[in-house]
Amino acid sequence: MELIDRYVYEVGRHLPRKNRADIKAELHSTLVDTLEARLEGEPSQQDVVDLLKEYGSPQKVAASYWPEGQYLIGPSLFPLFKMVLGIALSVFVIVQLVLLGVAVVFDQEVLTFLSILDIIGQTFGSLFTAFGVIVIVFAVLQYFEVKPDTEEEEWDPSQLPEIEQVETISRPGRVAEITFSLIFIAILLFLPDYIGFVVSPGMEVILNPVIISYIPLIILSLLISIGLDVILLWRGRWETGTRLAKIGTNLFGIYVLYVLITGHNAWLAEQGASGFFSFLETLPELATPNAASVAIIGMHAFRLAFIIALIVTVVDTVKLVYQLLKSFFIPPVTIPVSIEKGE
Amino acid sequence: MHSMMINTDMTTAHEKLTQELRRGVLVLATLSQLDQAKYGYALIDELSKRGLEIDQGTLYPLLRRLEEQGLLESEWNVEGSRPRRYYQISSMGEQLLQVLKVDWQELVGIMEGLLKDKE
């Protein structure tokens, strides 16, 4: 009978706290009753084993006593959990990106490639922590059987959202991007002497030294973006994988743009002309151009262009992250491709 | 009562669905037999002898749930060879039982009608 005691104890470990002792007592007496009814005299060890086997594993038996079944976060709480999770994580990621942007604006020297990696790592770490905290909060709510107040709310069918287009990727856009990237690569490789600026036609081209020194990096970035566009053309629609890939290449692009911008900053600082307003002051000098002032104006222009590109890429990345997170909580509508006819 | 089973898939499906049917009538069956106080094992035994097989793992949690809902009353009885928990229908349970009986008759009538059409 010691086996029965062990069994009852094990079942008890998995029972809800309420009524645990009582259930155990009842279980014990039932098992003994069953043995008695089935057999004459003392049951053997094997009889007990057979009975217990028939009764079921301790976890299974205990599970039948749980009121709403055994869930970490049960069916009634789960929708609320998903909603809270989606909001919290999206806000979290957006805030992190904004903080990153602020750091760039105010203290460009803080950011090196390694420190960016570090920040990304920290963000992921904190994301996991936030997720864990939310799960724990809801698990506790579930344990105390807190029921959310969202019973049959008055929902209005006419308020149902419109069906969004299936999120296809625009092919012409991708093809255009690939073409331009190839053109840029060609220029960088075969026409480095023309990468710069002229004041008026016929004058000698004044080269942009920063771009020249980073040609390999720029070409790499363009190649990656071509590779991505090929993948996007092949997949044809935005899904988790393609979104992640685009986010990845965007991040690399952001890095390259950042490098170019700091390169320009350094060059302009050397010339003693890094301020944006001093740039405006030198504009009148375009009337009587000399190499130095043209170079400065030209470099300012390039830097401005790169800064704009950086902002655009960051915004695009934020948008992609938002769409990615949204797609986890609201599945996109799939429009059936064919309609079956007949039976 | 059971026709020949063609393969094990059918058998499993049959078992599952019969179980569901039985689960549906469990509460009514239980309430109907607890006009006198009985302990769990005795109830299972009795129902089994009268043709309704119930799993121990199903009945005991059910008895507790019915008690929590106020349809049964229970107490530990220490006379006899060992302490046992006895269940008996409460007055509220009695009232509900009468109502359920009527519901059941209705349901039987409806089902007979549905199945008769398709013979």
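Residues numbered from 1 in each chain as written. Chains lettered and ligands numbered in written order. Predicted model: local features only at pLDDT ≥ 70, side-chain atom pairs only at ≥ 80, totals over all residues. Heavy atoms only, no water.

S.K.: Explanation requested: the packing of aromatic side chains in the structure shown.
M.R.: Each aromatic ring pair is summarised here by two numbers: the centre-to-centre distance and the angle between the ring planes. Under the defined criterion, the tally for this structure stands at seven aromatic pairs over all chains. Considering the side-chain rings of F81 of chain A and F138 of chain A, the 5.3 Å spacing of their centres and the 70° angle between planes classify their relative orientation as edge-to-face. One end of the pair, F81 of chain A, is in helix α5 (residues 78–106); the other, F138 of chain A, is in helix α6 (residues 113–143), and 57 residues separate them in sequence. For F81 of chain A, a relative accessible area of 6% translates into the label buried. With a relative accessible area of 6%, F138 of chain A lands in the buried category. Three or more aromatic residues joined by ring pairs make a cluster, and in this case those are F78, F81 and F138 of chain A. Against the face of Y39 of chain B rests R84 of chain B, its NZ or CZ located 4.4 Å from the ring centre. (Phe/Tyr/Trp six-rings, centres within 6.5 Å; stacked < 30°, edge-to-face > 60°. Helix = DSSP H or I, 4+ residues; strand = E, 2+ residues; numbered from the N terminus. Buried < 20%, exposed > 50% of the residue type's maximum accessible area, 1.4 Å probe, protein only. Lys NZ or Arg CZ within 6 Å of the ring centre and 35° of its normal.)

S.K.: Would you take a moment to explain helix α9 (residues 215–235) of chain A for this structure?
M.R.: Each full turn of the α-helix corresponds to 3.6 residues, which orients residues three or four apart in the same direction. Residues and elements named next belong to chain A. Helix length check: α9, at 21 residues, gives a terminal C-alpha distance of 30 Å against a target of 30 Å (1.5 Å per residue), a fit within 8%. Within α9 the residues assigned to the buried category are I215, I218, I219, S221, L222, I226, L228, D229 and L232. Looking at the buried side of α9, the elements it contacts are α7 (171–190), α8 (209–213) and α10 (240–270). Positive backbone phi, approximately 80°, marks G236, located one or two places after α9. (Expected span 1.5 Å × (residues − 1). Contact = heavy atoms within 4.5 Å.)

S.K.: Help me out: how do you make sense of the side chain of T30 of chain B in this one?
M.R.: Position of T30 of chain B relative to the elements: it lies in helix α1 (residues 8–33). Setting aside its immediate chain neighbours within four residues, T30 of chain B contacts L43, L59, L62, L63 and L66 of chain B.

S.K.: Looking at this model, I keep getting lost on the pairing of strand β2 (residues 72–77) of chain B. Mind explaining?
M.R.: Residues and elements named next belong to chain B. Where β2 lies against strand β3 (residues 84–89), six bridges are found, and the strand directions are antiparallel. When the bridges of β3 are listed, L72 appears paired with I89. Connecting the antiparallel pair β2 and β3 is a turn made up of six residues, with G80 showing a positive phi of about 80°. (Pairing = 2+ DSSP bridges.)

S.K.: Even after reading the chapter, I still don't get the side chain of T18 of chain B, so can you show me in this structure?
M.R.: Tracing the backbone through its elements, the reader meets T18 of chain B in helix α1. Classification of T18 of chain B as buried rests on a relative accessible area of 17%.

S.K.: What should I look at first to understand the pairing of β3 of chain B in this one?
M.R.: On any regular strand, side chains alternate: one points to one face of the sheet, the next to the other face. Sheet topology note: the strand β1 (residues 38–39) of chain B/β3 of chain B ladder contains two bridges and is antiparallel. When the bridges of β3 of chain B are listed, K38 of chain B appears paired with Y87 of chain B.

S.K.: Help me understand the interface of chain B and chain A in this model?
M.R.: Many analyses report the size of an interface as the accessible area lost when the parts associate. Facing 15 residues of chain B, the contacting portion of chain A comprises 16 residues. Buried surface at the junction of chain B and chain A, summed over both partners, amounts to about 1,500 Å²; 45% is from carbon and sulfur atoms. Of all residues in chain B, Y41, R64 and R82 of chain B give up the largest surface area on contact with chain A, accounting jointly for 39% of the area buried on that side. Across the contact surface, chain B and chain A share six salt bridges. Of the charged contacts in the structure, one is a salt bridge between R64 of chain B and E26 of chain A, with a shortest N-O distance of 2.8 Å. Joining chain B to chain A, the criterion identifies eleven residue pairs in polar contact (both at pLDDT 80 or more). Mapped onto the side of chain B that touches chain A, the elements with two or more residues apiece are α3 (56–68) and β3 of chain B. Per element, the largest residue contribution to the side of chain B that touches chain A is seven residues, and it comes from α3 of chain B. (Buried area = accessible area lost by both parts, 1.4 Å probe. Salt bridge = Lys/Arg side-chain N within 4 Å of Asp/Glu carboxyl O. Polar contact = N/O pair within 3.5 Å; in protein donor to acceptor, adjacent residues only side chain to side chain.)

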